[in-house]
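# Structural overview
One letter stands for each residue in the lines below.
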Amino acid sequence: MKEEAQERDTLWFVVDPEEAGERLDRFLAERLADTSRSQIQGWIDEGRVRVGERPVKASHRVRPGEDVLVEPPEPEPLELVPEPIPLKIVFEDEDVVVVDKPRGLVVHPAPGHSRGTLVHGLLAHCGRLSRLGGFLRPGIVHRIDRDTSGLLVAAKTDLAYMGLAKQFHDHTVDREYLALVHGVVPHDHGTVDAPVGRHPHLRQQMAVVRGGRPAVTHFIVIERFARATLLRLRLETGRTHQIRVHMEFIGFPVIGDPKYGPRRSLGMKGQALHAGVLGFDHPRTGERVRFESPLPEDMLDLIAELRG
């Protein structure tokens, strides 16, 4: 299935043959990666989803060539109210806070995610964050995807925000990821140097495109399995979805990736991508600091399964 058109607030999808037989709610959850399945089920119950111009149930099995139209409700007004969300704080002082984000947690508020984000939890924990990132992104200098786990730094003061933002702009921040990818990567190490920009047809995706922004990803093979490879990746640049796009581009997509991976993935909920290392110059002291996060249990379980 590919997203065919968007007219006003209506989304229009066409079912591909290989998607035949899927439940309607699951079909849409896979295509609208930033929307939860329960939220989609609510839209279906409200009559906001039609198949061939008629309302259907969430259990409807889609057929090849069917038109699926979705009319999402108006976005909820966004506000920032601190929420006591459990957070794993790796480091904190008067200027910065480093968090080990779990998979599934959205970093900042956006349409469809007006509550329960990392920002809401940080506001409850810290009491204040730098406002230089904007009203909905206080303290957020960089982010990692909802379904990516690992390390993220937020700025509590304006001094910290400006110092960190400059380092990210200058590409002097150390960022290393661990990823499980489909297929057996033949080279022990390599570099993907390919520009990344908005996908020319799929509005929610990025792609390697002519005229995109420069993007460089270095990788090293950690372990090979029969059907997959464990990689360590270092970002030289930080484009949206960069690792996911680059791995798909060279033919080894991240396992569990809902946007860029194959429809049939190895057994893991969420994408097997973890931000394991984060290093930067402390914005006040200038001291180089470096933090590491071990692999989460779901990736360790998948590795054990692959070894078996």
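Our subject is the structure that appears above.
Now for a description of the structure that goes with this document. The model shown is predicted, which means the values in this text are computed figures rather than measured ones.

Quick notes on the rules
Residues numbered from 1 in each chain as written. Predicted model: local features only at pLDDT ≥ 70, side-chain atom pairs only at ≥ 80, totals over all residues. Heavy atoms only, no water. 1 Å grid on protein atoms, 1.4 Å probe; cavity = no way out; pocket = protein on both sides within 12 Å on 5 of 7 lines; lining within 4 Å. Points joined across faces, edges and corners; volume = space filled by probe spheres on them. Helix = DSSP H or I, 4+ residues; strand = E, 2+ residues; numbered from the N terminus. Buried < 20%, exposed > 50% of the residue type's maximum accessible area, 1.4 Å probe, protein only. Pairing = 2+ DSSP bridges. Polar contact = N/O pair within 3.5 Å; in protein donor to acceptor, adjacent residues only side chain to side chain. Contact = heavy atoms within 4.5 Å.

Take empty space enclosed by the protein next. On inspection of all chains with the given rule, the structure shows 1 cavity of 30 Å³ or more. Put simply, the largest cavity is a space of about 40 Å³. Forming the walls of the largest cavity are H142, I144, L151, R175, Y177, A275, V277 and L278. Put simply, the parts of the chain that give the lining of the largest cavity at least two residues each are strand 9 (174–182) and strand 15 (273–281).

With that settled, consider the pairing of strand 8 (residues 149–155). For a regular strand, the rule is simple: side chains alternate between the two faces of the sheet. The buried fraction of strand 8 amounts to 7 of the 7 residues, a majority that puts the element mostly inside the structure. Both strand 7 (residues 96–101) and strand 8 contribute to a ladder of 6 bridges, which runs antiparallel. Its bridge partner lying in strand 8, V99 is registered against L152. Where strand 8 meets strand 15, 2 bridges bridge the pair, whose relative direction is parallel. Bridging across to strand 15, S149 finds its partner in H274.

The subject of this paragraph is the side chain of S149. For S149, the position within the fold is in strand 8. Of the polar contacts made by the side chain of S149, one reaches the side chain of H274; its length is 2.7 Å. Not counting chain neighbours up to four residues away, the residues in contact with S149 comprise K101, P102, R103, I144, L273, H274, A275 and P296.

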